[in-house]
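Summary of structural features
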Number of protein chains: 2
Amino acid sequence: MSATSTTRPGGRSSRVLSAVYSAVGALVGEGAERITFPVIAERAGVNPTTLYRRWGDVDELLEEVAVAALTRDGDELPDTGTLAGDLTEWALIVTRDITRPERARYLRAMVAARQDVVAHCEVTDTRLEQASALIRRADDRDEAVPTAEQVLDHVIAPLYYRVAFALPVDEERPRRLVRDVLRMIAPIR
Amino acid sequence: MSATSTTRPGGRSSRVLSAVYSAVGALVGEGAERITFPVIAERAGVNPTTLYRRWGDVDELLEEVAVAALTRDGDELPDTGTLAGDLTEWALIVTRDITRPERARYLRAMVAARQDVVAHCEVTDTRLEQASALIRRADDRDEAVPTAEQVLDHVIAPLYYRVAFALPVDEERPRRLVRDVLRMIAPIR
């Protein structure tokens, strides 16, 4: 056994991680009031010490699971051949994903866990990277493009805002948000 | 004494309300872990029964206080003579207000209290009304105007999103968001 075996996919560490993530997911999904290390450990069938050692703080673990749940919508970004098509498909994927009740609960749990201002947020960073990839491709095709920050502010933020405040989001909204952001970069008279 | 004396401003009900709101504000401000009716009642110096009778559910009370805290930024909407000026001033007022640490905590507490999808949210409704008032005035001056929903999605949502996720918001952001939303309604070639 090499020293790296604890992080090898399929190894002990990976099984523990999967059990812990599932336990957190189930507890959040059930709307559990107090999610503590002992509660998670019992559900996951692991030693609480493992959790204390790895995450230090239960909020850290909750945030890690929330980020994983909130950004892994699938492996591939859409590739329709136009920025309008890509952004629309992507915004629809994000919408379907974050409006699922258990994802919406994660999102709110993540907001609730935040205390002071953070330098950056992994959910935001992941969405920025995805937006940047779509923009880069459009730019290579010589399309007019918004900035990734504009896509974050005008497409992603309104969707997350609505889910955070538990407001309904139908599929017309992401479509309109994308039309709006593209309208921002249309040549003006 | 008439039957309406309990709701008279300055009457007993108003004093209780003020004490309860202050207690909730202080507890949220201190980052209290569990805010329950008994905890609030003790801090406010009122009988817990009063709270159970009036609010039924602690989340309902927290949300009421949060809405009050998150929408009363002042009595007057800006009136600068142009939509660009009004939206910019208003977005700056909202930004300064919701980024204050105790307001940001309220906002997160409010998100955390949400369970299932709601038909409407008072914070959102209040912002929509304010946006509508500014738009109506601009429309009366024959300016080109966005819809109130567009202002909500593209100016308010990105600001609340950042505060909810505890991301920093400098004053350039609301200015840019307003420029972006006005760019959306500029005549295209």
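Note that the coordinates shown come from a computational prediction; the quantities given were computed from them, not determined experimentally. (Residues numbered from 1 in each chain as written. Chains lettered and ligands numbered in written order. Predicted model: local features only at pLDDT ≥ 70, side-chain atom pairs only at ≥ 80, totals over all residues. Heavy atoms only, no water.)

Observations regarding helix H5 (residues 83-98) of chain B
The terminal C-alpha atoms of H5 of chain B lie 22 Å apart, and with 16 residues this matches the ideal 22 Å at 1.5 Å per residue to within 8%. Of all the residues in H5 of chain B, the buried ones are Leu83, Asp86, Leu87, Thr88, Trp90, Ala91, Leu92, Val94, Thr95, Asp97 and Ile98 of chain B. (Helix = DSSP H or I, 4+ residues; strand = E, 2+ residues; numbered from the N terminus. Expected span 1.5 Å × (residues − 1). Buried < 20%, exposed > 50% of the residue type's maximum accessible area, 1.4 Å probe, protein only.)

Details of the packing of aromatic side chains
Using the criterion set out here, one finds eight aromatic pairs over all chains in the structure. Between Phe165 of chain A and Tyr160 of chain B, the aromatic rings sit 6.2 Å apart at their centres with planes inclined by 70°, giving edge-to-face as the arrangement. Here Phe165 of chain A, found in the loop between helix H8 (148-164) and helix H9 (172-184), pairs with Tyr160 of chain B, found in helix H8 (residues 148-164), and the two come from separate chains. Of the residues examined, Phe165 of chain A reaches a relative accessible area of 1% and is grouped as buried. On the accessibility criterion, Tyr160 of chain B (0% relative accessible area) is buried. (Phe/Tyr/Trp six-rings, centres within 6.5 Å; stacked < 30°, edge-to-face > 60°.)

Comments concerning the nonpolar core
Membership of the largest hydrophobic core comes to 115 residues, with the highest contact counts inside it found for Val20, Ile40 and Phe165 of chain A together with Val20, Ile40 and Phe165 of chain B. The residues touching Ile40 of chain A, leaving out its near neighbours within four places in the chain, are Val20, Ala23, Val24, Leu27, Ile35, Leu51, Val58 and Leu61 of chain A. (Core = buried A, V, L, I, M, F, W, Y, C linked by side-chain atoms within 4.5 Å. Contact = heavy atoms within 4.5 Å.)

Focus on the interface of chain B and chain A
Where the parts come together, the accessible area they lose is often given as the size of the interface. Across the boundary between the two partners, chain B contributes 43 residues, which contact 43 residues of chain A. The largest contributions to the chain B side of the interface with chain A come from Tyr161, Phe165 and Arg183 of chain B, which together make up 18% of the buried area. Summed over the shared surface of chain B and chain A, the result is six salt bridges. Across the pair Arg173 of chain B and Glu149 of chain A runs a salt bridge, and its minimum N-O distance is 3.0 Å. (Buried area = accessible area lost by both parts, 1.4 Å probe. Salt bridge = Lys/Arg side-chain N within 4 Å of Asp/Glu carboxyl O.)

Let's talk about the confidence of the model for chain A
Looking at chain A as a whole, its pLDDT mean stands at 84, while 87% of the residues score no less than 70. Here residues 1-10 of chain A is a poorly scored stretch, pLDDT under 50, and it has seven contacts once near neighbours within four places are set aside; other chains count. (pLDDT = per-residue confidence, 0-100.)

Quick notes on the domain arrangement of chain A
Domain boundaries in chain A define domain 1 (12-54) and domain 2 (72-183). If you average the C-alpha positions of domain 1 of chain A and of domain 2 of chain A, the two centres end up 29 Å apart. (Domains from an automatic or database assignment.)

Focus: the side chain of Arg162 of chain B
Tracing the chain through its elements places Arg162 of chain B in helix H8. For the buried Arg162 of chain B, which has no salt bridge, the nearest side chain bearing the opposite charge is Glu149 of chain A, at an N-O separation of 4.4 Å. When residues no more than four places from it in sequence are discounted, the contact partners of Arg162 of chain B are Glu149 and Leu152 of chain A together with Leu167, Pro168, Val169 and Arg173 of chain B. (Lys, Arg positive; Asp, Glu negative; His and termini not counted.)

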